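These are the residues of each chain, in order.
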Amino acid sequence: MATFKEFRNSVKPNWCPGCGDFSIQAAIQRAAANVGLEPENLAVVSGIGCSGRISGYINAYGLHGIHGRALPIAQGVKMANRELTVIASGGDGDGFAIGMGHTVHAIRRNINITYIVMDNQIYGLTKGQTSPRSAEGFKTKSTPDGSIESTLSPLEIALSAGATFVAQSFSSDLKQLTTLIEEGMKHEGFSLINVFSPCVTFNKINTYDWFKENIVNLESIPEYDPSNRIQAMTKLMETGGMLTGLIYQDKSRKSYEDMVVGFHQEGISNQDIQISEADFSKLVAEFK
Ligand SMILES: Cc1ncc(C[n+]2csc(CCOP(=O)(O)OP(=O)(O)O)c2C)c(N)n1
Ligand code: SF4
């Protein structure tokens, strides 16, 4: 059985020292080992951003896609080979701005992918512009007088879109984050894990200390029931979306792959997809 070290490769991340993304990389590697995967069982698909580089830093199948399109690619990978455990990842800009349409539809499709958003509440790679996760009044080069748009609440949107697994964590809480990624990988459907991941270079407001002061950890609310969607929505609203832990899980709904009629268990590469001359001619005749 592979250890987390076997999910490391020789590429040195070029994230800034102190960037929250380092811990997310470590948590994915630990979770993959803890659920008993081998590197060849895992595919990591990412979008574009500092966070998007993660697919190159894990010893597994890796696909560095295009901005906002990690999920369409990851869904294609899963449909081509459902035996792979598929992780999609990227920044809050990637998933909640340009890619938000894909995020909502992947959620309602409930395809068996774990989507890890590295939420630094800013655009890091392009040097610090306001993202949909930035607070109102947030000043950056793109909003020098402060953002006048309201902040997006992606987890509330996820619950409304029919999500079956919604969790949130903080990059400093490696133990909680690793456990949630493991749970997400084991979940039979789409799992959304939003991770507060401070950008130490461009976001001087949402710092490690700021998150520590503002996070409400569900471990401090023992009576909380993650199978109750209304309670999940209420708690998210009450805490301004600052909840961490497993916020909601519905184990009753089938995953997309399980509902597609005739969908094969084995990957396309292992299937006999030859078509006989007679069947081919019959098919062509239908279009004449
Ligand atoms: C189609 C397209 N539009 C815009 C860009 C420019 N761009 C690259 S990364 C990025 C945003 C990065 O922010 P985020 O997704 O939050 O990731 P982070 O760098 O903060 O990890 C943008 C706007 C691009 N590469 N492609
Ligand atoms: S710019 Fe920000 S998000 Fe990008 S690597 Fe540096 S600290 Fe991380």
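To keep things clear, this report deals only with the structure shown in the data block. Because the structure is a prediction, the values reported are computed rather than measured. (Residues numbered from 1 in each chain as written. Chains lettered and ligands numbered in written order. Predicted model: local features only at pLDDT ≥ 70, side-chain atom pairs only at ≥ 80, totals over all residues. Heavy atoms only, no water.)

## So, the site of ligand 2
Point 1. Surveying the vicinity of ligand 2 reveals the residues Trp15, Cys16, Cys19, Cys50, Asn120, Cys199, Val200, Thr201 and Phe202.
Point 2. Class assignment of the residues belonging to the shell around ligand 2 gives a composition of seven nonpolar, two polar and no charged. (Near = heavy atom within 4 Å. Nonpolar A, V, L, I, M, F, W, Y, C, P; charged D, E, K, R; others polar.)

## Thoughts on the site of ligand 1
Point 1. Of all residues adjacent to ligand 1, which total 16 residues, the nearest are Cys50, Ser51, Gly93, Asp94 and Gly124.
Point 2. In this structure, Cys50 approaches ligand 1 through a main-chain N or O atom, which is 2.8 Å from an oxygen atom.
Point 3. At 2.8 Å from an oxygen atom of ligand 1 is found a main-chain nitrogen or oxygen belonging to Gly93.
Point 4. Against a free-state accessible area of 580 Å², the protein chains account for coverage of 73% of ligand 1.
Point 5. With four residues, helix α3 (residues 92-98) is the largest single contributor of residues to the shell around ligand 1.
Point 6. Here the residues of the shell around ligand 1 are counted per class, giving six nonpolar, eight polar and two charged. (Polar contact = N/O pair within 3.5 Å; in protein donor to acceptor, adjacent residues only side chain to side chain. Areas by Shrake-Rupley, 256 points an atom, 1.4 Å probe, with all protein chains shown as cover. Helix = DSSP H or I, 4+ residues; strand = E, 2+ residues; numbered from the N terminus.)

## A short note on the packing of aromatic side chains
Any pair of aromatic rings gets described here by the distance separating the centres and the angle formed by the planes.
Point 1. A full pass over the atoms with the stated rule returns seven aromatic pairs.
Point 2. Between Tyr115 and Phe190, the ring centres sit 6.3 Å apart and the planes meet at 50°, which makes this aromatic pair tilted. Of the two residues, Tyr115 sits in strand β4 (residues 114-119) while Phe190 sits in the loop between α6 (174-186) and β6 (191-196), which places them 75 residues apart along the sequence. Neither residue differs from the other here; Tyr115 and Phe190 are each classed as buried.
Point 3. Here the aromatic rings of Phe170 and Phe211 are separated by 5.6 Å at their centres, their planes lie at 40°, and the arrangement is tilted. Taken together, the residues span a long stretch of sequence, with Phe170 in strand β5 (residues 165-170) and Phe211 in helix α7 (residues 208-214) at a distance of 41 residues.
Point 4. We note Arg30 situated over the ring of Phe4; from NZ or CZ to the ring centre the distance is 4.3 Å. (Phe/Tyr/Trp six-rings, centres within 6.5 Å; stacked < 30°, edge-to-face > 60°. Buried < 20%, exposed > 50% of the residue type's maximum accessible area, 1.4 Å probe, protein only. Lys NZ or Arg CZ within 6 Å of the ring centre and 35° of its normal.)

## Observations regarding the nonpolar core
Point 1. Of all hydrophobic cores here, the largest spans 31 residues; its most connected members are Ile113, Tyr115, Val166, Phe190, Leu192 and Ile247.
Point 2. Among the elements of the structure, β1 (42-46), α2 (70-80), β3 (85-91), α4 (100-109), β4, α5 (154-160), α8 (229-238) and β8 (243-249) are those that each provide at least two residues to this core.
Point 3. For Val166, the contacting residues outside a window of four places in its chain are Leu155, Ala158, Leu159, Leu192, Gly245, Leu246, Ile247 and Tyr248.
Point 4. Listed in part, the 27 residues of the second largest apolar core include Trp15, Ala27, Ile87 and Phe165. (Core = buried A, V, L, I, M, F, W, Y, C linked by side-chain atoms within 4.5 Å. Contact = heavy atoms within 4.5 Å.)

## Topic: the side chain of Asn194
Point 1. Its location among the elements puts Asn194 in strand β6.
Point 2. In this structure the side chain of Asn194 is engaged in a polar contact, spanning 2.9 Å, whose partner is the side chain of Asp119.

## Things to note about the environment of Pro132
Point 1. Looking at where Pro132 falls in the secondary structure, it is placed in the loop between β4 and α5.
Point 2. Taking C-alpha positions, Pro132 is 7.5 Å from Asp92, a pair spaced 40 residues apart along the chain.
Point 3. If we ignore the near neighbours within four places in the chain, the residues touching Pro132 are Phe96, Ala97, Tyr123, Ser150, Thr151 and Leu152.

## Here's the deal with a nonpolar patch on the surface
Point 1. A cluster of nonpolar side chains, namely Ile275, Phe280, Leu283, Val284 and Phe287, defines an oily patch on the protein surface of about 500 Å² accessible area.
Point 2. As for its position among the elements, Ile275 is in the loop between α9 (256-259) and α10 (277-286). (Patch = residues over 30% accessible without salt bridge, like charges linked within 9 Å, V, L, I, M, F, W, Y side chains within 5 Å. Salt bridge = Lys/Arg side-chain N within 4 Å of Asp/Glu carboxyl O.)

## Focus: the pattern of salt bridges
Point 1. In the structure shown here, the tally under the stated rule is four salt bridges.
Point 2. Ionic pairing is found between Asp258 and Arg82, a salt bridge with its closest N-O pair at 2.7 Å. Here Asp258, found in helix α9, pairs with Arg82, found in the loop between α2 and β3; they are 176 residues apart in sequence, far enough to count as distant.
Point 3. One salt bridge connects Arg133 with Asp119, and the closest N-O pair in it is separated by 2.7 Å. You can see Arg133 sitting in the loop between β4 and α5 and its partner Asp119 sitting in strand β4, a full 14 residues away along the chain.

## Describing the pairing of β1
Every other side chain in a regular strand lies on the same face of the sheet, so the side chains alternate between the two faces.
Point 1. Along β1, five of the five residues are buried, which leaves the element largely enclosed by surrounding structure.
Point 2. Residues Leu42, Val44 and Ser46 point to one face of β1 and Ala43 and Val45 to the other, with burial holding for every one of them.
Point 3. Here five bridges tie β1 to β3, and the two strands are oriented parallel to one another. Residue Leu42 lies in a different strand from β3, and its bridge partner there is Thr85.
Point 4. Direction of pairing for β1 relative to strand β2 (residues 61-64): parallel, over a ladder of four bridges. Counted as the bridge partner of Val44 is Gly62 from β2. (Pairing = 2+ DSSP bridges.)

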